[in-house]
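Residues per chain, in single letters:
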Amino acid sequence: MNVVVPFVDLAVEDGNTDSMRATIQQALVSARIGQRDWAARRLPQRLKIIRRARFLIAEEAASLAEAANDLRQRPLAEILTAEVLPLVEACRFLEREGKRILRPRKAGSRGRPLWLGGLQSEIRREPHGVVLVIGPGNYPLFLPAVHAIQAICAGNAVLIKPGDGGSRAAQTVVEILHRAGMPRDLVYILPEVPIAAESAIALGVDKVIFTGSASTGETVLAMCAKALTPATVELSGCDAVFVRADADLDLVVRALCFGLRLNKGATCIAPRRVFVHRDLAPELEARLRSAALERSPIVNPLLTRCVIDALVAGADLVRGSIPSDGRALSVPIILSGVAPSMQIVREDIFAPVLSLISVADDTEALAFSSQCPYSLGATIFSRDEVASQALAAQIHAGVVIINDLIVPTADPRLPFGGRKRSGFGSTRGAEGLLELTIPKVVSIRRGKSRRHFDEPQLGDSEMFAAYIRAAHGRGWGNRLAALVKIARSLRRRQARPDRI
């Protein structure tokens, strides 16, 4: 059975949310049945299906890019490089590394406490069960698909709630997975409406992967808290760019223009706040003023309000314009003379906007940057790699890139996630794959001795205290004295077997 998106959407339009909820419940029941069989398959069998899916994605890359272009009308070349290519690389990463990452790990005897002699333990990774993937609208193919495929690799079933305009991309990926041999009762596509995700959480999914705004993340986490459902959330960004005094301005300008163009500025780790050394600030402003950037209109009330407030507070408009009606903006918007206290550098504005903030040094840049509640990614531009590494160590963010922008995060080996209001947990990479599993410890005690089952005897507390000092005390003299006390306690214990 597969949830047919148009049918469920029609039920919502008619106001019949009960029908949609019943359909989702049916999908959840079927997914649980399918997941048990899927998890029982050996991992190499699951990886073979992912490998076949990768081949099919490569063969149908153009049609996948078309399917991911329902809403935003982006250049197909951009979708191929920003969504399809990272997706197939993520599949190949699982094929190469999935077995190593998910294999059971034996604890071994090294480091095992002396009093646990004879114990052998193994840490196994098991799937959560049914994972709900709530996708965004800005990258409707790559983000939901890579989360779903990682979940499948780990042995889970998946419900996908696409973002706005993401249903066709999700459906296309699922059809490819079916053709690759994935069972049909393993992945279901829900309608795009928010109540679909709410219903799935209330009905009892086992894990939620959410990508979206911080405000929506608050709502999702509240629902998860009520159901005690674990979640990984990648939320809003307001990313910082640190332009040090020795930066290559040609590279900086190219990077910032790329960040403004990519997906029309609708990228969570696009540059928003540019902390530029005051010696370079005038030249950077002049270069950005004359940079070749295509203008387009946008209606974004939050951005309009923030731009007007910044201009009133003393900022200057480098690029862009505000028409007299106050509604539509001409983007990209570039402001200079921005203060770190202004709202425009404290909001998750999903549009092509840059705020230039002049700073005296790295210390001031870090102090200004920390005032923003979002902490997803950051970029440093500098010719001094040692100084850049030192600065990166002080930046509170999930990812820091030196002398590049956005693209390095597509490396399938790397985890991705934010801090503060940018979310928590990791997706992608080994860490993201492990988040789609639950650790289970299996311990075996061999031999017949089970002294810990016996009732304590008189003097045992003194012996245990001495053992702790012998094993963990400071200095060999102190530990040797403790060993002597243990020996005396053991002799008394053997001579006086009475219980307390």
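Residues numbered from 1 in each chain as written. Predicted model: local features only at pLDDT ≥ 70, side-chain atom pairs only at ≥ 80, totals over all residues. Heavy atoms only, no water.

Draft legend 1. A look at unusual backbone geometry. Residue Pro 332 follows Val 331 across a cis peptide bond; omega there is 10°. Within the fold, Pro 332 resides in strand S12 (residues 328-336). Of note in the backbone geometry, Ile 406 takes a positive phi value of approximately 65° without being a glycine. Of note, the phi angle at Lys 420 is positive, near 55°, even though the residue is not glycine. If you trace the backbone, Lys 420 turns up in strand S17 (residues 419-420). (Helix = DSSP H or I, 4+ residues; strand = E, 2+ residues; numbered from the N terminus.)

Draft legend 2. View of the nonpolar core. Counting residues in hydrophobic clusters, the biggest one holds 115 residues, and the most contacted among them are Leu 132, Val 208 and Leu 284. At eleven residues, helix H5 (residues 76-102) tops the list of elements feeding residues into this core. Residues contacting Leu 284, with those up to four places away along its chain left out, are Leu 249, Val 252, Val 253, Leu 256, Val 274, Val 276 and Leu 356. Residues Val 338, Val 359, Phe 368 and Leu 391 belong to the second largest nonpolar core, which totals 30 residues. (Core = buried A, V, L, I, M, F, W, Y, C linked by side-chain atoms within 4.5 Å. Buried < 20%, exposed > 50% of the residue type's maximum accessible area, 1.4 Å probe, protein only. Contact = heavy atoms within 4.5 Å.)

Draft legend 3. Main features of helix H6 (residues 142-153). The terminal C-alpha atoms of H6, which comprises twelve residues, lie 16 Å apart, in line with the 16 Å expected from a rise of 1.5 Å per residue. Within H6, twelve of the twelve residues are buried, which leaves the element mostly enclosed by the surrounding structure. All of the buried residues in H6 are Phe 142, Leu 143, Pro 144, Ala 145, Val 146, His 147, Ala 148, Ile 149, Gln 150, Ala 151, Ile 152 and Cys 153. Two residues or fewer past H6, Gly 155 is found with a positive phi of approximately 100°. (Expected span 1.5 Å × (residues − 1).)

Draft legend 4. Representation of the sheet that holds strand S5 (residues 187-189). The mixed open sheet is built from six strands, whose spatial order is S5-S4-S3-S6-S7-S18. Looking at which strands have only one partner, the edges of the open sheet turn out to be S5 and strand S18 (423-424). Of the pairings in the sheet, the one linking strand S7 (residues 231-234) to S18 comprises two bridges and is antiparallel in character. Residue pairing across strands places Glu 234 opposite Gly 423, the latter belonging to S18. This element, H6, spans strand S3 (130-134), strand S4 (157-161), S5 and strand S6 (207-211) of the sheet and lies at about 165° to S4. Running at roughly 160° to S5, helix H7 (residues 167-179) makes contact with S4 and S5 of the sheet. (Pairing = 2+ DSSP bridges. Axes fitted to C-alpha atoms, helices over the stretch in contact; angles between N-to-C directions.)

Draft legend 5. Region of interest: the side chain of His 128. Position of His 128 relative to the elements: it lies in the loop between strand S2 (119-127) and S3. A polar side-chain atom of His 128 sits 3.1 Å from the main-chain carbonyl oxygen of Glu 435. If near-sequence neighbours (up to four positions away) are discounted, His 128 is found in contact with Asn 156, Asp 206, Lys 207, Pro 230, Glu 435, Leu 436, Thr 437 and Ile 438. (Polar contact = N/O pair within 3.5 Å; in protein donor to acceptor, adjacent residues only side chain to side chain.)

Draft legend 6. Representation of the sheet that holds S2. Strand order in the open sheet made by the three strands is S1-S2-S19, with antiparallel pairing throughout. Whereas interior strands pair on both sides, the edge strands pair on one side only; in this sheet they are strand S1 (105-106) and strand S19 (437-445). Inspection of the sheet shows S2 paired to S19 by nine bridges, in the antiparallel sense. Counted as the bridge partner of Arg 124 is Lys 440 from S19.

Draft legend 7. Local environment of the environment of Arg 168. Looking at the secondary structure, you find Arg 168 in helix H7. Along the primary structure Arg 168 and Asn 69 are separated by 99 residues, whereas in three dimensions their C-alpha atoms are 9.1 Å apart. In this structure, Arg 168 is in contact with Glu 66, Ala 67 and Asp 70, ignoring residues within four places of it in sequence.

Draft legend 8. Up close: a positive patch on the surface. Positive charge collects at one region of the surface, where Arg 42, Lys 48, Arg 52, Lys 99 and Arg 103 lie side by side. Within the secondary structure layout, Lys 48 lies in helix H3 (residues 43-59). Given the relative accessible area of 54%, Lys 48 is considered exposed. (Patch = residues over 30% accessible without salt bridge, like charges linked within 9 Å, V, L, I, M, F, W, Y side chains within 5 Å. Areas by Shrake-Rupley, 256 points an atom, 1.4 Å probe, with all protein chains shown as cover. Salt bridge = Lys/Arg side-chain N within 4 Å of Asp/Glu carboxyl O. Lys, Arg positive; Asp, Glu negative; His and termini not counted. Charge placed at Lys NZ, Arg CZ, Asp CG, Glu CD.)

Draft legend 9. Summary view of the state of the cysteines. Counted according to the given criterion, the structure contains zero disulfides. Among the cysteines around Cys 238, which has no disulfide bond, Cys 372 carries the closest sulfur, lying 4.1 Å off. Note on Cys 238: relative accessible area 1%, which makes it buried. Here Cys 306 stays free of any disulfide, with the sulfur of Cys 238 as its closest cysteine sulfur at 9.5 Å. Since its relative accessible area comes to 1%, Cys 306 is described here as buried. (Disulfide = S-S within 2.5 Å.)

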